[in-house]
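What the coordinates show
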Amino acid sequence: MAYNYITQEGYDKILAELNELESVQRPEISRQIAEARDKGDLSENAEYDAAKEAQGILETKIAQLKGLIANARIIDESQVSTECVQILNKVTIKNMKTGAVMTYTLVSDSESNLKENKISVNTPIAQGLMGKKVGDIAAIKVPSGEVEFEIIDITL
């Protein structure tokens, strides 16, 4: 069984979303199904079919979130080191070819969000950075070839 390493903040977000789905959206879809059923013949009732499909999608999402929670292991941020790159570190890297400097926070799959510069530890870039120290050069295979990054800083 694969564990899903996650921060307390990420765990709380998943719980809040699950609560919203179960206590607000599930009853709403049940109401829509009952309303469509009351309109008569179900064999030609598009509203009923749409509500049943929405219910299936919702139940799949609920099951997925429950699976994430069941396999979640909350990471104690006070135990995370900045000696070498690991999950929850904020890593500043420099592209050796272009000179571009980027900062990413390495997080679990469920918390990744490129708009917030949070990348999953399972991405090729994060995998190539894992275990490296400040000053190390990481040669990372990306779809366009191999790119070299220098690790400038590691923080929390």
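Refer to the structure above for everything that follows.
Residues numbered from 1 in each chain as written. Predicted model: local features only at pLDDT ≥ 70, side-chain atom pairs only at ≥ 80, totals over all residues. Heavy atoms only, no water.

**Considerations on the overall build of the chain**
To be explicit about the condition: Helix and strand assignments come from DSSP, with helices taken as H or I runs of at least 4 residues and strands as E runs of at least 2, each series counted from the N terminus. For the radius of gyration, the atom set is restricted to C-alpha positions; the globular benchmark scales as 2.2 Å times the number of residues to the power 0.38. To sort residues, take the accessible area from a 1.4 Å probe on protein chains only and compare it with the maximum for the residue type: under 20% means buried, over 50% means exposed, and anything in between is partly exposed. Here a residue-residue contact requires only that any non-hydrogen atoms of the pair lie within 4.5 Å. Per-residue and other accessible areas follow the Shrake-Rupley method at a 1.4 Å probe size, with only the shown protein chains counted as cover for residues. When charges are counted, Lys and Arg contribute as positive and Asp and Glu as negative, whereas His and the chain ends are disregarded. A charged residue contributes its charge at one atom only: NZ of Lys, CZ of Arg, CG of Asp or CD of Glu.
Of the regular secondary structure elements, the chain holds three helices and seven strands. Along the chain, helices (α) and strands (β) appear in the sequence β-α-α-β-β-β-β-α-β-β when read from the amino end. A globule of 156 residues ought to have a C-alpha radius of gyration of about 15 Å, yet the chain, at 22 Å, is considerably larger. Overall, the C-alpha framework of the chain stretches about 70 × 35 × 25 Å when taken along its three principal axes. Relative to its 156 residues, the chain shows a buried fraction of 30%. Taking as baseline every contact in the chain between residues at least 6 positions apart, the subset at least 24 positions apart corresponds to 49%. In the form shown here, the chain has an accessible surface area of approximately 9600 Å², with 51% of it arising from carbon and sulfur atoms. Positive and negative charge centroids in the chain, built from 17 and 25 side chains respectively, lie 4 Å apart.

**As for unusual backbone geometry**
Here the phi dihedral of Leu 88 falls at roughly 80 degrees; this positive angle occurs in a residue that is not glycine. Within the element layout of this structure, Leu 88 appears in the loop between strand 2 (72-74) and strand 3 (90-95). Despite not being glycine, Asn 117 shows a phi value in the positive range, around 60 degrees. Structurally, Asn 117 can be placed in the loop between strand 4 (101-107) and strand 5 (118-120). Taking relative accessible area as the criterion, Asn 117 reaches 37% and is therefore assigned partly exposed.

**Remarks on the nonpolar core**
Worth spelling out the cut-off: We call a set of buried Ala, Val, Leu, Ile, Met, Phe, Trp, Tyr and Cys residues a nonpolar core when their side-chain atoms join them within 4.5 Å.
If you look at the biggest cluster of nonpolar residues, it comprises 19 residues, and the most contacted ones within it are Val 85, Val 91, Ile 93, Leu 106, Leu 129 and Ile 151. Those elements that provide at least two residues to this core are strand 3, strand 4, helix 3 (124-129), strand 6 (137-142) and strand 7 (145-155). Residue contributions to this core peak at four residues, all from strand 7. Counting residues in hydrophobic clusters, the runner-up holds 15 residues, among them Ile 6, Ile 29, Ala 36 and Leu 58.

**Let's talk about the layout of surface pockets**
Rules: Think of a 1 Å grid over just the protein atoms. A cavity is a set of points where a 1.4 Å probe fits yet cannot get out, a pocket is an open set with protein on both sides within 12 Å along at least five of seven lines, and lining residues have an atom within 4 Å of a point. Grid points are joined across faces, edges and corners, and a volume is the space filled by probe spheres set on the points. Only Asp, Glu, Lys and Arg are considered charged in this grouping, and only Ala, Val, Leu, Ile, Met, Phe, Trp, Tyr, Cys and Pro are considered nonpolar; every other residue, Gly among them, is considered polar. An automatic or database domain assignment supplies the start and end points of every domain.
By volume, the largest pocket is sized at about 390 Å³. Thr 7, Glu 9, Gly 10, Glu 111 and Lys 118 are, among the 19 residues lining the largest pocket, the residues nearest its centre. Of all elements in the fold, only helix 1 (8-37) and strand 4 reach the threshold of two or more residues within the lining of the largest pocket. Sort the elements by how many residues they give to the lining of the largest pocket and helix 1 lands first, with five residues. In the lining of the largest pocket, the residues fall into six nonpolar, six polar and seven charged. Taken domain by domain, the makeup of the lining of the largest pocket includes at least three residues from each of domain 1 (4-74) and domain 2 (79-155).

No statement about biological role is implied by the geometric values presented.
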